[in-house]
Amino acid sequence: MSIPADLKYTQTHEWAKREADGTVAVGITHHAQEMLGDMVFVEVPAVGRKLAAGEECAVVESVKSASDVYAPIAGEVVAVNADVEGSPEQINQDAYGAWMFKLKPDNAADLDGLLDAAGYQAVVDSEAH
Amino acid sequence: MLIFELSRSGRGSPALAPSAADLGDIPAECRRMSKPLLPEVSELDAVRHYTRLSQKNFSIDTQFYPLGSCTMKYNPKAAHALAMQREFLARHPLAPEDSGQGVLACLYELQEILREVTGMAGVSLTPMAGAQGEFAGVAMIRAYHESRGDAARREIIVPDAAHGTNPATATMCGYAVKEIPTDADGNVDLEALKAAVGPQTAGLMLTNPSTLGVFEQQIRAIQQIVHEAGGLTYYDGANLNAILGKVRPGDMGFDVIHVNLHKTFATPHGGGGPGSGPVGVSERLLPFLPVPMVGRDGNSYRWLTEKDRPQSIGRLSAHMGNTGVLLRAYVYARMLGGEGMKRVADMATLNANYLMAQLKAAGFDVTFGRRRASHEFIVSLKGLKEKTGVSAMDVAKRLLDKGFHAPTTYFPLLVPECLLIEPTETETKQTLDGFVAALTEIRDEAERDAALVKGAPYTTPVRRLDDVKAAREPDLAWKAA
Amino acid sequence: MPYIPHTEDDLQAMLAAIGAGSVEDLFDEIPAALRAGSLDLPPALNEMEVSRLMEERAAQDGRWLNFIGAGAYEHHIPAAVWQIAGRGEYYTAYTPYQAEASQGTLQTLYEYQSMMASLTGLDVSNASLYDGASALAEAVLMAVRAHKTSRRVLAVAGLHPVWQQVVKSIVGNQGIELVTVPYCTEGGHTMADSLSAHEGQDYAALIVAQPNVFGVLEEADALTDWAQGQGMRVIAVVNPTSLGILKAPGEWGAKGADIAVGEGQPLGAPLSSGGPYFGFMACKQELVRQMPGRIVGRTVDLEGREGFTLTLQAREQHIRRSKATSNICTNQGLMVTAATIYMSLLGPDGLAKVAAASHANTRRLVEKLTAIPGVERLFSEPFFHEAVITVEPPAGEVLRALKAQGILGGLDLGEWCPELGGHAILVCATETKSEADLDRYAEHLERIIAKRSQGPACTKLKPNENSKW
């Protein structure tokens with residue numbers, strides 16, 4: 001599956017998307033969900049929590065693994081996706097549609113410091129070796 | 001069929017319970033409001049139900065169980081029978097010491113036996129499982145540093161091949177965990193270790209032979225690096241069976257060790273416990289051992305408590321840990337004697353190396369084939385997976401159809417598609433040959449008809465279970481319709 | 001050599017296959033300097049010899065008429081319990097990681113979880129922890145994790161004193177503190193007044209022991225409502241036998257306790273000098289992911305048949321490593337198998353009868369003992385199946401005299417509760433005691449106390465206080 005060009009990425013397999021209202025939606029990549037397998041549980045951060053860039057803030061679990069999700073940039077959690085919490089399989093079905101939480105960034109420009117699609121593709125490729 | 005589905009209101013086994021009695025002055029607000037959903041069945045119903053359920057299990061008494069790092073050896077029947085004598089079973093844990101001199105003598109002697117076998121300065125029997133022994137060990141490391149006013153040591157180093165309980169234990173003791181890598185021969189990466197230690201190092205947790213089934217040859221150098229940095233070293237006794245009477249952890253320089261009696265000392269696994277995880281320590285950690293311990297005054301025995309040992313890390317259970325398990329281990333140890341213990345390591349190692357050689361000869365990819373196996377070794381099925389799509393998990397499941405329990409799969413995590421195989425000393429050559437034949441047959445099946453292997457098992461009471469459904473829609477307790 | 005099957009022919013064939021000259025060669029990777037010499041151990045015994053030794057040891061421990069409880073209780077165990085639990089298929093099976101080869105153990109655990117959830121009135125139970133005291137420590141860790149800000153837990157002071165010590169040993173390294181609320185010296189229970197000092201403070205949980213270590217019944221409803229009103233969770237410490245007749249923790253107060261733990265020993269485990277027992281733990285659904293230990297779930301197989309498997313494993317050490325809910329791995333599976341069979345054999349009515357008969361026996365014992373001049377009941381509040389009496393002479397002295405008659409007359413509370421002054425004895429008479437047993441205790445106690453009050457002659461025979469026995 002191709003990596004969407006309109007999103008930003010991290011080395012740790014999160015994607016981030018600038019929304020029209022200035023917030024940033026965060027989820028995990030298609031590649032990440034493939035490595036983890038069938039999702040069975042998602043834990044999202046509390047609304048109102050202030051996150052530093054790179055801070056552990058959510059957990060995704062499959063049957064036999066669990067993985068932390070890190071904040072791509074600093075900001076305050078303003079919304080969480082209750083649908084994904086209720087049916088984590090959405091991450092398997094549509095990783096780039098299943099956002100987990102939205103941040104109000106401390107500094108919107110931070111997003112520009114993340115990887116673009118080509119940069120993330122390189123991360124995925126390097127893991128295959 | 002669940003036991004609840006056999007239940008009929010008004011049925012029961014009245015002969016098993018006392019006569020009815022009134023509740024006297026127990027206030028109404030303290031009384032139960034509704035009957036618990038316990039089954040109402042006859043004695044025969046219950047006997048038949050649980051006997052039939054037992055028949056759905058694999059067990060050592062019925063199958064070969066080459067489960068790496070678990071040491072599934074034969075559990076002698078004599079140990080069970082002798083620990084189940086009425087006087088032992090009926091003895092209340094708080095009964096006076098002079099009414100328990102028999103059991104206390106056994107426990108005291110077991111402490112001494114384990115002390116000799118491990119080469120440590122002292123042993124406490126109280127931890128109730130390996131993980132609790134680990135907890136006691138790391139808690140003692142912490143108590144030692146604190147007793148010296150050395151509060152800066154906040155970190156425990158763990159090799160990446162370690163069992164998951166090691167890092168989890170460090171966390172429970174309030175420590176951060178630093179993982180270090182393993183080199184291509186299965187040894188600890190010494191350079192990485194040197195870089196990792198410092199004034200923040202509380203200690204290192206290590207299994208030797210390692211979880212990769214090889215003896216860590218640089219053990220002296222490792223000890224020196226950690227000790228010079230002011231840290232202590234912890235020996236995870238998971239793999240003690242391989243070196244029983246051959247090398248003693250105390251002689252390797254370890255400061256603290258736990259022993260899994262349900263592995264090395266042949267006490268049963270019981271479908272997941274009870275285990276027992278006694279701890280042994282070097283001289284400098286003696287004051288911190290968990291209580292109670294057993295002391296001897298002349299010809300009589302007594303509990304040693306906080307009063308005798310004020311620096312102890314304290315108690316880990318309400319009484320003396322899993323005493324009944326300790327009695328079984330004592331019987332086993334007395335039946336072996338010193339020479340018998342060495343023979344355990346000899347034959348466990350012989351069986352592992354024989355099985356490794358036969359599998360290698362049959363064309364399997366043995367991961368550390370250049371090395372001696374300790375009591376266990378790793379086969380990687382990466383090649384088979386690439387060729388046929390059949391995974392280690394599939395092979396493990398197919399083994400069940402051939403009448404063998406599966407080896408440990410996907411542990412250690414470092415080796416792809418791995419089987420960790422530990423035959424133990426109590427299996428015959430003929431059983432091991434049968435296992436080689438079964439694995440070879442499965443490989444042939446995989447190459448001929450991969451779907452057959454991927455669909456296994458077929459002969460067990462159920463086929464592969466839907467783990468995803470189990471986790472997504474947890475059904476953890478039966479509820480009346 | 002015991003339990004080693006190889007013939008000399010096998011041995012040679014195996015060495016040849018390996019290409020080793022001797023078994024000793026297989027250890028050539030171990031540095032010579034590290035190799036052990038011969039072990040200094042007693043000589044090996046055969047099965048007959050070790051049987052004789054162990055029979056002698058057992059005989060040394062003797063047989064006693066026991067009235068000690070204090071957290072471990074002597075109950076009748078139906079013969080079927082250990083005949084079945086002792087079957088090799090249960091006794092020698094491993095942890096059920098290979099579900100298809102472990103359906104017996106897994107279904108038994110699922111049934112156990114169902115029984116414990118119902119008995120405690122909570123949603124879910126795990127598959128067991130080591131013992132009651134360590135289960136309480138795990139419950140404290142769980143409540144602190146769930147609370148997120150507080151690292152303090154409040155407990156009624158009537159919580160078993162050794163359990164308090166165990167909790168401190170296990171959670172202390174994580175900077176978690178246990179604070180106690182004193183009990184009423186007259187009633188033996190916790191009074192609402194003493195809680196007010198803790199109002200408005202940040203605690204993760206309140207631990208309520210029902211009954212408490214003195215056998216006294218606490219006002220569990222009021223304590224639960226108070227704690228939950230303060231934003232704390234409630235950890236119930238309960239005796240599983242008592243739940244045959246006492247209110248389930250899930251029904252305490254308006255919302256029910258959040259977590260229930262206890263010592264599972266009364267459900268089919270023999271006293272065995274202290275173990276193996278098992279700890280049980282049940283909780284509300286919302287806390288299930290904070291729960292430590294193994295949990296079994298019901299699911300279906302490829303063909304849609306009902307089956308059982310370990311589930312929610314991502315909480316556990318083998319996956320989460322340093323972030324696991326606990327380091328627990330092995331639990332007390334076989335003891336739980338016995339408990340499940342025990343509960344099935346007794347059923348709801350049988351368990352209620354065991355609880356009621358034990359309570360009635362203790363009540364009658366207390367009546368008989370307190371009819372003796374100089375023997376009183378210490379606390380006034382209602383109790384369950386265990387009570388504190390006081391005697392005029394030092395408790396230790398009285399108990400030693402009873403022991404000379406083959407009677408273990410209860411626990412001297414002097415060590416656990418020095419504030420009670422050395423004359424208090426905790427007594428328990430379960431359903432296993434007959435009327436004649438109770439009379440025997442009362443008659444001997446009466447004689448011992450009367451004899452002592454006759455004059456100084458006896459005091460000269462008093463054992464040396466420095467001697468342990």
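None of these values were measured; they are calculated from a predicted model. (Residues numbered from 1 in each chain as written. Chains lettered and ligands numbered in written order. Predicted model: local features only at pLDDT ≥ 70, side-chain atom pairs only at ≥ 80, totals over all residues. Heavy atoms only, no water.)

(A) Highlighting the packing of helix H6 (residues 130–147) of chain B against helix H7 (residues 165–172) of chain B. Residues and elements named next belong to chain B. At a minimum axis distance of 9 Å, the contact between H6 and H7 shows a crossing angle of 50 degrees. Taken together, the axis directions place H6 and H7 in an arrangement best described as oblique. Once H6 is placed against H7, the crossing between them reads as right-handed. Across the interface between the two elements, Ala 131, Glu 134, Phe 135 and Val 138 of H6 pack against Thr 165, Asn 166, Thr 169 and Met 172 of H7. Across the contact of H6 with H7, the residue classes break down as four nonpolar, three polar and one charged. (Axes fitted to C-alpha atoms, helices over the stretch in contact; angles between N-to-C directions. Helix = DSSP H or I, 4+ residues; strand = E, 2+ residues; numbered from the N terminus. Parallel < 35°, antiparallel > 145°, perpendicular 65-115°, else oblique. Left-handed = near helix turned anticlockwise from the far one by under 90°. Contact = heavy atoms within 4.5 Å. Nonpolar A, V, L, I, M, F, W, Y, C, P; charged D, E, K, R; others polar.)

(B) Region of the structure containing the sheet that holds strand E9 (residues 101–105) of chain A. Residues and elements named next belong to chain A. With antiparallel pairing, the six strands of this open sheet are ordered in space as E1-E2-E3-E9-E8-E5. Sheet topology places strand E1 (8–9) and strand E5 (50–51) at the edges, where each strand pairs with a single neighbour. In this structure, E1 lies alongside strand E2 (residues 14–18), joined through two bridges in antiparallel fashion. By the bridge assignment, Lys 8 is partnered in E2 with Ala 16. (Pairing = 2+ DSSP bridges.)

(C) Seen up close, the pairing of strand E7 (residues 259–263) of chain C. All names here are of chain C. Among the five residues that make up E7, five are buried, leaving the element largely enclosed by the rest of the structure. Neither face of E7 is exposed, since Ile 259, Val 261 and Glu 263 on one face and Ala 260 and Gly 262 on the opposite face are all buried. Taken together, the five bridges between E7 and strand E8 (residues 279–283) define a ladder with antiparallel strand orientation. Along E8, the bridge assignment pairs Ala 260 with Ala 282. (Buried < 20%, exposed > 50% of the residue type's maximum accessible area, 1.4 Å probe, protein only.)

(D) View of the confidence of the model for chain C. Here chain C shows a mean pLDDT of 94. Residues at 70 or above account for 97%. Confidence over residues 457–469 of chain C falls short of pLDDT 50; this stretch has 13 contacts with residues more than four positions distant or in other chains. (pLDDT = per-residue confidence, 0-100.)

(E) Here's a closer look at the pairing of E9(A). Residue and element names in this part refer to chain A. Among the five residues of E9, four are classified as buried, and the element is accordingly described as predominantly covered. Judged from the three bridges that link them, strand E3 (residues 24–28) and E9 form a sheet pairing that is antiparallel. If you follow Val 24 over to E9, its bridge partner there is Leu 103. In this sheet, E9 lies alongside strand E8 (residues 75–80) in antiparallel orientation, the contact comprising five bridges. Its bridge partner lying in E9, Ala 79 is registered against Lys 102.

(F) Summary view of the side chain of A:Gln33. Residues and elements named next belong to chain A. With respect to the secondary-structure elements, Gln 33 resides in helix H1 (residues 30–36). Engagement of the side chain of Gln 33 in a polar contact is seen with the backbone oxygen of His 30, the distance being 3.2 Å. Look past the residues within four positions of Gln 33 in its chain and what remains in contact with it is Ile 28, Met 39, Ile 91, Asn 92 and Ala 95. (Polar contact = N/O pair within 3.5 Å; in protein donor to acceptor, adjacent residues only side chain to side chain.)

(G) Structural view of the interface of chain C and chain B. Across the boundary between the two partners, chain C contributes 185 residues, which contact 207 residues of chain B. Taking both partners together, chain C and chain B bury about 16600 Å²; carbon and sulfur atoms supply 62% of that area. Inspection of the chain C/chain B interface yields 13 salt bridges. Across the pair B:Lys35 and C:Asp349 runs a salt bridge whose closest N-O atoms are separated by 3.1 Å. Here chain C is connected to chain B by 91 residue pairs in polar contact (both at pLDDT 80 or more). In terms of residue count, helix H11 (residues 333–370) of chain C provides more of the side of chain C that touches chain B than any other element does, 21 residues in total. (Buried area = accessible area lost by both parts, 1.4 Å probe. Salt bridge = Lys/Arg side-chain N within 4 Å of Asp/Glu carboxyl O.)

(H) Up close: the nonpolar core. Ranked by size, the top nonpolar core spans 162 residues in total, and within it C:Ile207, C:Phe214, C:Ile235 and C:Ile259 carry the most contacts. Here this core gets twelve residues from one element, more than from any other, and that element is H11(C). Formed by 111 residues, the second largest nonpolar core is a distinct cluster that contains B:Leu206, B:Met335, B:Tyr354 and C:Leu45. (Core = buried A, V, L, I, M, F, W, Y, C linked by side-chain atoms within 4.5 Å.)

(I) Fine view of the interface of chain C and chain A. Taken together, the contacts link six residues of chain C with eleven residues of chain A. Of the roughly 700 Å² buried between chain C and chain A on both sides combined, carbon and sulfur atoms contribute 45%. Where chain C packs against chain A, one counts four salt bridges. Salt-bridge contacts for C:Arg320 lead to A:Asp68; the nearest nitrogen and oxygen are separated by 3.5 Å. Residue composition of the side of chain C that touches chain A, by class: two nonpolar, one polar and three charged.

(J) A look at the pattern of salt bridges. By the definition in use, this model includes 63 salt bridges over all chains. Between C:Arg35 and C:Glu24 there is a salt bridge; the shortest N-O distance is 2.5 Å. Of the two residues, C:Arg35 sits in the loop between helix H1 (8–18) and helix H2 (47–61) while C:Glu24 sits in the loop between H1 and H2, which places them eleven residues apart along the sequence. Residue classification places C:Arg35 among the partly exposed residues on the basis of a relative accessible area of 27%. Connected through shared salt-bridge partners, B:Lys246, B:Arg343, B:Asp346, C:Glu24 and C:Arg35 make up one network.

(K) Structural view of the sheet that holds strand E6 (residues 233–238) of chain C. All names here are of chain C. Ordered in space as E2-E8-E7-E6-E5-E3-E4, the seven strands form an open sheet in which the pairing is mixed. In this open sheet, the two edge strands, each paired with only one partner strand, are strand E2 (124–125) and strand E4 (177–181). Alignment of strand E5 (residues 205–210) against E6, held across six bridges, turns out to be parallel. From the neighbouring strand, Ala 205 faces E6, where its bridge partner is Arg 233.

(L) Representation of the domain arrangement of chain C in the model. Residues and elements named next belong to chain C. Domain assignment breaks chain C into domain 1 (65–72 + 347–461) and domain 2 (79–342). Taken together, the contact between domain 1 and domain 2 spans 26 residues of the former and 30 residues of the latter. A buried area of about 2100 Å², summed over both sides, lies between domain 1 and domain 2, and 69% of it is on carbon and sulfur atoms. By the criterion of area lost to domain 2, the three top residues of domain 1 are Leu 351, Phe 379 and Phe 384, representing 31% of everything that side buries. Inspection of the region where domain 1 meets domain 2 yields zero salt bridges. Inspection of the region where domain 1 meets domain 2 yields six residue pairs in polar contact (both at pLDDT 80 or more). When contributions to the side of domain 1 that touches domain 2 are tallied by element, the ones reaching two or more residues are H11 and strand E12 (387–391). No other element matches H11, which puts five residues into the side of domain 1 that touches domain 2. (Domains from an automatic or database assignment.)

(M) Here's a closer look at H2(C). Helix length check: H2(C) (15 residues) gives 21 Å between terminal C-alpha atoms against 21 Å at 1.5 Å per residue, within 8%. Among the residues of H2(C), those classed as buried are C:Val50, C:Ser51, C:Leu53, C:Met54, C:Arg57, C:Ala58 and C:Asp61. For H2(C), the arc enclosing every buried residue in end-on projection is 165 degrees, short of the 170-degree limit, so these residues lie on one face. Of the exposed residues in H2(C), the ones pointing more than 90 degrees away from its buried face are C:Met48, C:Glu56 and C:Ala59. Residues of H2(C) that are buried in the fold lie against helix H3 (77–83), helix H4 (86–90), helix H5 (101–118) and helix H11 (323–361) of chain B. Its side-chain oxygen at 3.1 Å from the backbone nitrogen of C:Met48, C:Asn46 defines the N-terminal cap of H2(C). At the exit of H2(C) stands C:Gly62, carrying a positive phi of roughly 70 degrees. (Expected span 1.5 Å × (residues − 1). Arc of directions from axis to C-beta.)

(N) View of the environment of C:Gly71. All names here are of chain C. In this structure, Gly 71 sits in the loop between strand E1 (65–66) and helix H3 (79–85). Owing to a relative accessible area of 16%, Gly 71 belongs among the buried residues under this scheme. For the pair Gly 71 and Val 156, spaced 85 residues apart in the sequence, the C-alpha separation amounts to 16 Å. Apart from residues no more than four positions distant in its own chain, Gly 71 is found in contact with His 160, Glu 263 and Gln 265.

(O) Just the packing of helix H12 (residues 395–403) of chain C against helix H13 (residues 435–453) of chain C, in detail. All names here are of chain C. One can describe the packing of H12 onto H13 by two numbers: an axis separation of 10 Å at closest approach and a directional angle of 125 degrees. By the criterion of interaxial angle, the relationship of H12 to H13 is oblique. When you trace H12 past H13, the crossing you get is right-handed. Only Tyr 441, His 444, Leu 445, Ile 448 and Arg 452 of H13 make contact with H12, whose side of the interface consists of Glu 397, Val 398, Ala 401 and Leu 402. Residues belonging to the contact of H12 with H13 are distributed by class as follows: six nonpolar, one polar and two charged.

(P) Just the domain arrangement of chain B, in detail. Residues and elements named next belong to chain B. Once the domains are mapped, chain B shows domain 1 (3–54), domain 2 (78–336) and domain 3 (342–467). Computed over C-alpha atoms, the centres of domain 2 and domain 3 are 30 Å apart. Contacts between the two partners involve 26 residues from domain 2 and, on the opposite side, 21 residues from domain 3. Summed over both partners, the interface of domain 2 with domain 3 buries about 1800 Å², with 55% contributed by carbon and sulfur atoms. Inspection of the domain 2/domain 3 interface yields one salt bridge. Of the charged contacts, one joins Asp 346 and Lys 246 as a salt bridge, the two residues approaching to 2.6 Å between their closest N and O atoms. Counting every contact that joins domain 2 to domain 3 gives eight residue pairs in polar contact (both at pLDDT 80 or more). Considered class by class, the residues forming the side of domain 2 that touches domain 3 number twelve nonpolar, eleven polar and three charged.

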